[in-house]
Structure formats: structure tokens, C-alpha cells
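Each chain, letter by letter, is given below.
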Amino acid sequence: MKKYILEIIGIICVLSLLIKGSVYIVRPDNTDQCVATIEAFHNLPENSIDVLFLGSSHGWRGVNVLEMYEQYGQAVYNYGGNWQRLSTESLFFYDALRTQKPKVVFLETYRVNELIIDQDLDGEIYYTRAISHFPYKWNYLKQAFGKELDRYVAYYFPLAQFHSAWKDINANSFIKWYTTEEFENTMGYYYLPQDRVQTIEIGDYETFDQYELSDEAVAMLDDIVDTCEKENIELILYTVPFGENYNYSDALTEYAKERDIVYLDLFKYKNEIGLINEEDYCDLGHMNYAGATKIADFLGKYVDDNYDLEDMRLYDNNIWQGKIGKKTGNKFFE
Amino acid sequence: MLFNSTQFLIFFPIVLLIYYLLPKKVKYIWLLLSSYFFYMCWNVKYSLLLLTSTVVTYLGGILIEKIKNTSLSDKKQAISKKAVLIVSLLINLGILFFFKYFGFFTNILSVSLGKLKINFNAPTFDIILPVGISFYTFQALGYLIDVYREDIKSEKNILKYALFVSFFPQLVAGPIERSKNLLSQLFVERKFDIEKCIDGFLIMLWGYFLKIVLADRIAIFVDTAYSDYENWSGYYLVVATILFAVQIYCDFAGYSTIAIGSAKMLGIDLMENFRAPYFSSSVAEFWRNWHISLTSWFKDYLYIPLGGSRKGAFRKYFNKIVVFLVSGLWHGAAISYIIWGGLNGLYQVIGELMEPARAKVRKLAKINKESFGYKFVGGIFTFILVDFSWIFFRAPSTKFAIEVIKSIFTASNPWILFDQSLYHCGLDRKNFTVMLVGIIILAIADVCKIKGISVIEKIRKQDYWFKCIIIPIFIWAILMFGIWGPNYEAANFIYFQF
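What this report covers is the structure whose coordinates are included nearby. (Residues numbered from 1 in each chain as written. Chains lettered and ligands numbered in written order. Predicted model: local features only at pLDDT ≥ 70, side-chain atom pairs only at ≥ 80, totals over all residues. Heavy atoms only, no water.)

Examining the overall build of chain A
Inference 1: Along the backbone of chain A there are 15 helices and five strands.
Inference 2: Compactness check: chain A gives a C-alpha radius of gyration of 21 Å against a globular reference of 20 Å for 334 residues, within 12% of the reference.
Inference 3: Counting only C-alpha atoms, chain A reaches 75 × 45 × 40 Å along its principal axes.
Inference 4: Working note: accessible area of chain A is about 14,800 Å², and carbon and sulfur atoms make up 49% of it.
Inference 5: Charged side chains in chain A number 30 positive and 55 negative. The centres of these two groups are separated by 9 Å. (Helix = DSSP H or I, 4+ residues; strand = E, 2+ residues; numbered from the N terminus. Rg over C-alpha atoms; globule rule 2.2 N^0.38 Å. Areas by Shrake-Rupley, 256 points an atom, 1.4 Å probe, with all protein chains shown as cover. Lys, Arg positive; Asp, Glu negative; His and termini not counted. Charge placed at Lys NZ, Arg CZ, Asp CG, Glu CD.)

Here is the structure:
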């Protein structure tokens, strides 16, 4: 019997290693950075953030928060992630409140009308595995997966969902593209170099078609607004300009008015910010370092003008100061 | 609950664990509850049909045995026993007929009467075919006939008998077990036997390999070609038809193998259902190695009662044709299944009729019947004949099958076999390669089976490190290359529809 038990243990160990390795190499693309940024956020000292940015890649790559510290001394962090629909933004919001008590929260609105309801595991849901379980996360998973047992199995055992990606395995599959340290050094901001430039055309925002928000999206926004009120957090909705039409500006303006919160549609402030189509974008949807710094300057000033926050530059060895010192030595900034 | 579903992967370990923890007296009750739960996962209502079939054959068995012990004369006893048997058969076959064949026969009747200009509006019912009804009905009837023939004693405990009919590993797609083999095994004192458990686990793994790596992958190609035979014509259909032969083998043998493995983990040995059928050198041999439990059922309970080969050559051939026509009908209520069965019966009759001529040719050409070359050529011919009949099995209708056959026999696009066009018919190059590697592994395994080599035993005899590497790699390969997970709808086993 002992012999068989040893065999079974040996088989389970080898199989576990094989599965762990396989999950790693067939993981969905562009999730390494999201896992790294979640881990980086969780490594922050408790209650160290005053200003928190949440949102999709538009906000994550669109606000160089270190600039806000440098210019205004704000205790700011960018806790965004790729593709984020409102559901995932909401998850990140509640996850952040577990360890932080921000005074101002910026919620980016590129996919404000999209929720994750009744669908299979995808890259966006996959990277939330890095967030440990708490009651809101169960709600998030329930909303996403419904009662489909197979989807829950795939969440905890991603090989079930992604094993067919064996066809796409290549040298890149074996490389870990981003480390936690990289996001610790940028305070969450996803750096894209200044020399990565794509000239884009941004249309006249006044000509964009405008749509209503769905009842589900409004309910989720209401939930976030209510929580902010309860926690004495100033919520600011904001939209980063990009090279396509944005269709929820009017709806969000109206919503913000109804709920007495601020909505900053940066399409309208493009000239004031000083964004240049030929210099500040790296692709159709995302800012490069130059654009992200300009947006940070603008939003930093807005925060500075409207909220009375502590100047962290007055404190030696604060976590932002250390990062700025490192940033030129970071491979991110090479 | 499919064997390749998440539910089963949760259900089975729980059943197994509790089964071995429970005291002997209640083990069978646990298995019975588990079996009914397993069946009810498809449709709760249809478990009543299973229950009806169980109660009818149980009471039939008890009655037949009671009649035997009465003071009635032998003749009266025989008449009474026969009456009970016939009533039980009629009830069971009546249920089967209603759920499986009612629509088919009323349709035939309607069309036939229509040709005679008689208007007949057949009543229609919104019926879903209960999963596995043909399997458990035949298993229960086999028991009743065995009791009638006094081959076995009737089971007095209805719960034990209910377990025999509903034993979940083989409930919905066989093997169709014999009462002599299964009934006795279900209730013997059984302690946890780790070697048997490991054997069962390895057998299950092989079944999963056949099903989710091979059958479900091949199905993508076959379904693509057969769903649009005008677009995927000629040699695409030739390849698809060849592959369908492998698909149905892997699908059905995969199910049987998982059933045998899971039963073995519970300490119960089920009968073998497939013995390398595509290595047979004649159609008769193929049928001795294909779906053995059904073929032998028909032999014991239909072919022999019809007279078998005891009533002259003509009657023997007639009986064979009848058995295969019924077998075709058992598989499905459609003309195409009857043609499929008829063709296989015909092959065998023609094969036997031509045997003297073949023997003369062998003698003249000095060919040894046992030589590899003779068997190889026989094997190729057998495969072609069997595969041709599979067209009727696969096609949704006879008309469709004829169109496919026309397309195959007028094929004029041989270049698709060489210019990578095949990689556009559902399976890309990498998946096609995995499929071919899988088929080679299957062929090697079947050769080992023929030669009496037990691969599982060989693996078990290896040293610690070999086992600790080869078994995880095999499991890993199934997980990586299998067609499973939320991306894919867990594919039904083809034989579930029967």
C-alpha cells in the first residue's frame, strides 16, 4: 500500500508541475501586466493613497501619476488594467477599498456601458484571479459566469479554457513580460515610451453619436457613487480622448448632474491639455508617455485646485519619491 | 451527465469515495441511488421509464420462477411461463417502440397509405428519446429470458435488481451486460483493491483519450464535410468517410472503455465491448469484435431462437439478415439504419456463399489463409465494406447517403490530398497532425490487444520513476490536446441516441 501511495503522490506532483507550466504558457495574451499591477497594488502600505485612478487601458496608459506627484505632491496611484469594462472597474474599486482610503477616485469611462454578464472566461476575467476572494468578488464572478459550473472550473483551472491555445505557443509564451516591480516603480501607470508615436485623427466631439446608458450600467454606477458617498470619497468620472467616436458623453454628463458628481470629458479639454495628435498617442486608443504626462498635469491641477490634499513631497522617503529616483534605471523607461 | 462533463468528474470521485467508506450491506443502495441520480441528470421524468422496465422485468422473473414451483402440469407451466415472458416483453418493447419507433412507423404508414390514395393523419407526440432506452431495455430483457430459460435464478431483492438494470457506468450506452456476469458481482463482499482501482483509472484515461482527443477532434472534420457535401465533395468525403470509421470507433469504444474503467474502480468487471475491430480480416470477424455485448445479445436472444444455423443454409442466411436488419433498427428509427444493418448482413451472407470459390483460388494460387498478406488484403477489403456501410449510418437520410456515395464515386479532386486543402475542412494543420498521431497510437494499442499484450500491465510493471513520468504526461496530453472545456459543448457520445 505504501508503494502505491508513494506512486500516487509522485504522479500528482509531476502532473501538478506540468499543469502549472502549461497554464503559464497558454495564458491569454496581455494579462501578465495586469497580474503584475494587481500584485504591485497589493504591496502598497495600507491607507497610503489619496488619489486613485481606475479604468481600462485608456486610463491605465493615459495618466502618468508620477507627474502628479512631481508637480503637486499628490499621493496618487493608477490601478487600471487592460480591457476593463465597468464590472471589472467596479471590482478593482472595491478591491482597492479593502486596503486604501482614497479621498478622490477617478473612474475612467471608455467601456462604461459594458458589463460582464453570462460569459465564458476571457483575458479580462482571467487576470482578476490575482485578486483574492472577498464578498464583492463572488458577486463579480456570479454576474460573469451565472450558474455555469464549467466556467467556475475554468476560472480556478484555466487549462480548461485556454488549453486549445497550444497551437499558438511560441518563444514569447515562455517569457514573463512584466514584473510586479515595474508597476511598483511607476505607481501602477502603464508606461508606453514617448518615441512610440502614431498620428491619429480625433473628430469633433460635438458630432459624435450619443447613446443612453443601460439600466444595468446605471445601477452599477449608482452602487459605486453610493459607496463613495458613504466613504466620503469624491468620485470623478473621466474620459481620455482617443481616435474614435465616444458615445456616452451626454449620458454621463446628465448622470453626473443627477448624482452631483464631476464628469470630465477630456475630449472637450483637448486643447487646454495641449494634446497633439502627431506626438502624444502610440496607437488609436492609447497615450504614449508624453500624452499621459500632459493628462496627468491637467488632472493634477484639477485636483490641486479643487481638493485640499496633503503634499507628500514634504515627507522624506515617501513611496513616490523613491520611484522617481528609480524610473530612469527601470527597463520601462529605457 | 456525460462522462466527459465536469459534473461527472465531480460525481464519480464522490460516489467512489463513499462507496468504499460505506458498510457492505448498504453499498449497493448507494450505487442504486447514484445510478438513478446519474440518469435523472438528463431527465427526471424518464427515470420512471427505467423504473417501469425494472419493475416489469423484476415481477416477470419472480412470476416465472413461481410458476415453475407450482403444482401445475408441465405443459400448463410452460404456457404460463411463456405468457408472462411475452407480456413482459410486450410491455418493455412497447415502451421502446413508442418512444423510439412510433413516429417512424406512423410516417411509413402514412406515406404507404398516401400512395394508395388513403388519407391517414398520424397522431404526433412531442417525444424526446430517453437516453439509453435501447441499452437498459435489452439488458432487462436479457435477464428475463435467462430466468425463463432457467439459466439463472430470479433476483428477489428489487433494489438489487434495480441496480443491475441501472448500474450507472454502463446504463446509457453499454456494454449491455448479462445477468450471469453482473448480478453476482454487484453484491459480493468487496474491499478496496488499490491495484484494481489503478487499473480502472488507467482504463478510464484511455477511454478519455479515445473520446476527447480523437473522436471529438475527428468529428470536427467529418461534421464539416458531411454538413455541406456539395462544397466538400469528392475526396474530401472519401477522407471524411474513412475518418468517420475511426471517429465512431473511438467514440463508442471510448465510452465503453470509460464505463469498464469506472466499474473496475468500483471493483466490478464489465465485459469487453471492442477487440481491435478494424484489424478484422472479414466482416464476420469484424462483428465478432465490434460492440461485442450487442452482437452476442442478438446471437443469444434472437439468432439462436430463430434457429441459428441448425435449420439449413437458407434459414441460416435468412436468420443472419433478420438479425442485422433488427440490429440496424435497434440503432435508429430510420431507413438508413436498416440499410446499414442489411448491408452488413448481406456482406456476411455473400462472404459465406463465396467461401468455396475463395478456397479454390487460395488453393490454386497457393495462398496461406493465415499469412500476413492474405489477412492484410482481407483487412483492407473488410474496412472498405464496413466503411461503405458507415455512410448510411452517418448520413441523416438515405437520400443524403446516396448523394455522398455519388460524390465519392465521381471524385475528381485527388490533388486535395496533397496540396494542404484538407487543412481547411475544420481541422487546421496542427490539429490534423495531432489527429494522425492519435490514430497511430490507437493502431499500436490495437495491435498490442491482438497480440495479447496488456499495455496497462506493462506500465504497472515499470519502475517508480517511469510511472511517475509517463502517467502524468499521458494525463497532461489528454488535457492539452483534448476537445473539452467551456469553449466546446461537451460532445455527446454517438451511441447515446440509441
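So that's the structure; there's more coming.
What about the overall build of chain B?
Inference 1: When its secondary structure is counted, chain B shows 19 helices and zero strands.
Inference 2: Here the C-alpha coordinates of chain B stretch approximately 75 × 70 × 55 Å along the principal axes.
Inference 3: Within chain B, contacts between residues at least 6 apart in sequence are counted, and of these 75% link residues at least 24 apart.
Inference 4: When the accessible surface of chain B is split by element, carbon and sulfur atoms take 67% of a total near 23,400 Å².
Inference 5: Charge separation in chain B, taken as the distance between the mean sites of 51 positive and 32 negative side-chain charges, equals 8 Å. (Contact = heavy atoms within 4.5 Å.)

A closer look at a nonpolar patch on the surface
All names here are of chain B.
Inference 1: A cluster of nonpolar side chains, Val26, Ile29, Leu33, Leu48, Leu51, Val55, Leu59, Ile158 and Leu159, forms an exposed patch at the surface whose accessible area comes to about 690 Å².
Inference 2: Of all the elements in the fold, those that place two or more residues in the nonpolar patch are helix H2 (24-40), helix H3 (47-68) and helix H6 (158-166).
Inference 3: When residues in the nonpolar patch are grouped by element, the largest group, four residues, is from H3.
Inference 4: On the secondary structure map, leucine 48 appears in helix H3. (Patch = residues over 30% accessible without salt bridge, like charges linked within 9 Å, V, L, I, M, F, W, Y side chains within 5 Å. Salt bridge = Lys/Arg side-chain N within 4 Å of Asp/Glu carboxyl O.)

A few points about the packing of aromatic side chains
Residue and element names in this part refer to chain B.
Inference 1: Going through the model one piece at a time under the given rule, you end up with 96 aromatic pairs over all chains.
Inference 2: With a centroid separation of 5.0 Å and an interplanar angle of 85 degrees, the aromatic rings of phenylalanine 252 and phenylalanine 274 are classed as edge-to-face. A residue pair is termed long-range when its members are at least 10 positions apart, and phenylalanine 252 in helix H10 (residues 235-265) and phenylalanine 274 in the loop between H10 and helix H11 (283-289) qualify at 22 residues.
Inference 3: Owing to a relative accessible area of 0%, phenylalanine 252 belongs among the buried residues under this scheme.
Inference 4: Geometry around tyrosine 148 places lysine 81 over its ring, the cationic atom sitting 5.7 Å from the centre. (Phe/Tyr/Trp six-rings, centres within 6.5 Å; stacked < 30°, edge-to-face > 60°. Buried < 20%, exposed > 50% of the residue type's maximum accessible area, 1.4 Å probe, protein only. Lys NZ or Arg CZ within 6 Å of the ring centre and 35° of its normal.)

Notes on helix H8 (residues 149-156) of chain A
Inference 1: Looking at H8(A), one finds that the buried residues are Arg151(A), Tyr152(A), Ala154(A) and Tyr155(A). An end-on view of H8(A) places all buried positions within 160 degrees of arc, on one side of the element. (Arc of directions from axis to C-beta.)

Focus: the interface of chain B and chain A
Inference 1: With 30 residues of chain B at the interface, the matching set in chain A holds 28 residues.
Inference 2: Buried surface at the junction of chain B and chain A, summed over both partners, amounts to about 2,600 Å²; 70% is from carbon and sulfur atoms.
Inference 3: In terms of surface lost to chain A, no three residues of chain B exceed Ile194(B), Met480(B) and Pro486(B), which account for 23% of the buried area on that side.
Inference 4: Where chain B meets chain A, there are two salt bridges.
Inference 5: Where Asp428(B) meets Lys167(A), a salt bridge forms, and the shortest distance between an N and an O atom there is 3.1 Å.
Inference 6: If you look at where chain B meets chain A, you find 11 residue pairs in polar contact (both at pLDDT 80 or more). (Buried area = accessible area lost by both parts, 1.4 Å probe. Polar contact = N/O pair within 3.5 Å; in protein donor to acceptor, adjacent residues only side chain to side chain.)

Brief notes about the pattern of salt bridges
Inference 1: Per the stated rule, a full pass over the model turns up 36 salt bridges over all chains.
Inference 2: Salt-bridge contacts for Asp32(A) lead to Arg27(A); the nearest nitrogen and oxygen are separated by 2.7 Å.
Inference 3: You can call Arg27(A) buried: its relative accessible area is 10%.
Inference 4: Glu150(B) serves as the salt-bridge partner of Lys81(B), at 2.9 Å between the closest nitrogen and oxygen. Pair noted here: Lys81(B) is in helix H4 (residues 74-115) and Glu150(B) is in the loop between helix H5 (133-148) and H6, with a separation of 69 residues, a long-range link.
Inference 5: One salt-bridge network, in which partners are shared between bridges, spans Arg85(A), Arg111(A), Glu114(A), Asp122(A) and Glu124(A).

Structural notes on the packing of helix H2 (residues 32-42) of chain A against helix H5 (residues 86-99) of chain A
Residue and element names in this part refer to chain A.
Inference 1: One can describe the packing of H2 onto H5 by two numbers: an axis separation of 10 Å at closest approach and a directional angle of 25 degrees. The angle between the axes of H2 and H5 places the two elements in the roughly parallel class. Here H2 contributes Ile38, Phe41 and His42 to the contact with H5, which in turn contributes Phe92, Asp95, Ala96, Arg98 and Thr99.
Inference 2: Here the contact of H2 with H5 is built from residues that sort into four nonpolar, two polar and two charged. (Axes fitted to C-alpha atoms, helices over the stretch in contact; angles between N-to-C directions. Parallel < 35°, antiparallel > 145°, perpendicular 65-115°, else oblique. Nonpolar A, V, L, I, M, F, W, Y, C, P; charged D, E, K, R; others polar.)

Examining the sheet that holds strand E3 (residues 104-108) of chain A
Residues and elements named next belong to chain A.
Inference 1: One open sheet holds the five strands; their spatial order is E2-E1-E3-E4-E5, and the pairing between them is parallel. Edge positions in the sheet fall to strand E2 (76-80) and strand E5 (262-265), since each has one partner strand and no second. Here the average twist between neighbouring strands, direction ignored, is 20 degrees.
Inference 2: By the bridge criterion, five bridges tie E3 to strand E4 (residues 234-239) in an arrangement that is parallel. Pairing of valine 105 across the sheet is with leucine 235, part of E4.
Inference 3: Across the sheet, helix H4 (residues 65-72) is in contact with strand E1 (51-55) and E2; its angle to E2 comes to roughly 170 degrees. (Pairing = 2+ DSSP bridges.)

Digging into the pairing of E5(A)
Residues and elements named next belong to chain A.
Inference 1: As defined by bridge partners, E4 adjoins E5 across four bridges and the pair is classed as parallel. Note on E5: the bridge partner recorded for isoleucine 236 is valine 262.
Inference 2: With helix H12 (residues 249-259) bridging E4 and its parallel neighbour E5, the resulting β-α-β unit is right-handed. (Right-handed = clockwise from strand over helix to strand, strands pointing away.)

Side note on the environment of Val437(B)
Inference 1: By the secondary structure assignment, Val437(B) is in helix H17 (residues 429-450).
Inference 2: In this structure, the C-alpha to C-alpha distance between Val437(B) and Pro472(B), residues 35 residues apart in sequence, is 19 Å.

Focus on a negative patch on the surface
All names here are of chain A.
Inference 1: Residues Glu212, Asp250, Glu254 and Glu258 make up a contiguous surface patch of negative charge.
Inference 2: Relative to the assigned elements, glutamate 212 resides in the loop between helix H10 (180-185) and helix H11 (215-230).
Inference 3: A relative accessible area of 65% means that glutamate 212 is categorised as exposed.

Comments concerning the side chain of His58(A)
Residue and element names in this part refer to chain A.
Inference 1: Tracing the chain through its elements places histidine 58 in helix H3 (residues 57-60).
Inference 2: In terms of polar contacts, histidine 58 uses its side chain to reach the backbone carbonyl oxygen of glycine 285, at 3.5 Å.
Inference 3: Each residue touching histidine 58, except ones within four places of it in the same chain, is listed here: Glu108, Tyr110, Val240, Phe242, Gly285 and His286.

Quick look at the state of the cysteines
Inference 1: Enumeration according to the criterion identifies zero disulfides over all chains in this entry.
Inference 2: We note that Cys468(B) lacks a disulfide partner, and the nearest cysteine sulfur, in Cys13(A), lies 8.4 Å from it.
Inference 3: Since its relative accessible area comes to 1%, Cys468(B) is described here as buried. (Disulfide = S-S within 2.5 Å.)

Some words on the packing of helix H1 (residues 6-21) of chain B against helix H9 (residues 194-227) of chain B
Residue and element names in this part refer to chain B.
Inference 1: With their axes 14 Å apart at the nearest point, H1 and H9 run at an angle of 165 degrees to one another. Accordingly, the angle class assigned to the pair H1 and H9 is roughly antiparallel. Where H1 crosses over H9, the handedness of that crossing is right-handed. Only Cys197, Met204 and Tyr208 of H9 make contact with H1, whose side of the interface consists of Phe8, Leu9, Phe12 and Leu16. (Left-handed = near helix turned anticlockwise from the far one by under 90°.)

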